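Chains, contacts and geometry: an overview
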Amino acid sequence: MTDRTTQADPPSFVGRALYSGILAYMAIDGFQNNEKRVEVAREKGVPAPDVLVPFVTGMLFVANVGILLWKFPRASAGALIVFFLGTTPGIHDFWTMDGEERQANKINFLKNVALLGGALLLLEQAGSRSE
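Residues numbered from 1 in each chain as written. Predicted model: local features only at pLDDT ≥ 70, side-chain atom pairs only at ≥ 80, totals over all residues. Heavy atoms only, no water.

**Digging into the overall build of the chain**
Within the chain, the secondary structure is distributed over five helices and two strands. From first element to last, N terminus to C terminus, the chain shows the α and β order β-α-α-α-α-α-β. When its C-alpha atoms are laid out on the principal axes, the chain stretches across 65 × 30 × 25 Å. The buried share of the chain, reckoned over its 131 residues, is 35%. Here the contacts in the chain between residues at least 6 apart in sequence split such that 68% fall between residues at least 24 apart. For the chain, the computed accessible surface area is about 8300 Å², with 63% contributed by carbon and sulfur atoms. (Helix = DSSP H or I, 4+ residues; strand = E, 2+ residues; numbered from the N terminus. Buried < 20%, exposed > 50% of the residue type's maximum accessible area, 1.4 Å probe, protein only. Contact = heavy atoms within 4.5 Å. Areas by Shrake-Rupley, 256 points an atom, 1.4 Å probe, with all protein chains shown as cover.)

**What about a nonpolar patch on the surface?**
Nonpolar side chains collect at one region of the surface, where I28, F31, F61, V62, V65 and L69 lie side by side and expose about 520 Å² of accessible area between them. Those elements that provide at least two residues to the nonpolar patch are helix 1 (13–32) and helix 3 (49–69). Summarising the element assignment, V65 is placed in helix 3. Judged by its relative accessible area of 32%, V65 falls in the partly exposed class. (Patch = residues over 30% accessible without salt bridge, like charges linked within 9 Å, V, L, I, M, F, W, Y side chains within 5 Å. Salt bridge = Lys/Arg side-chain N within 4 Å of Asp/Glu carboxyl O.)

Here it is as structure tokens:
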């Protein structure tokens with residue numbers, strides 16, 4: 001008997017496509033509204049926002065493609081986790097806001113937390129081994 005491990009089957013293509021659709025929308029919107037996002041990041045005290053904002057938007061896009069195609073799934077899920085942990089609490093700090101701005105940022109914060117949860121599940125699936 002040989003002791004051989006292989007990577008587990010990828011999660012549902014339909015599920016990955018739905019998840020990736022949201023991430024693709026976020027990345028494309030980020031590229032289209034780069035100047036606005038750079039300004040928000042600058043106001044939040046993000047260092048070198050002119051460089052970091054397009055970089056993390058590109059990271060989001062590339063990681064999204066990796067999840068969709070299930071290529072380099074650990075690295076892709078890991079990049080998503082880094083993206084959401086790095087941007088969510090700093091950019092969508094709704095607890096410092098009032099009124100409509102607070103509500104809009106709370107919704108985006110909670111959406112990102114849910115997407116972070118999905119990335120954690122994908123990372124676990126990518127790391128699964130079966131015999």
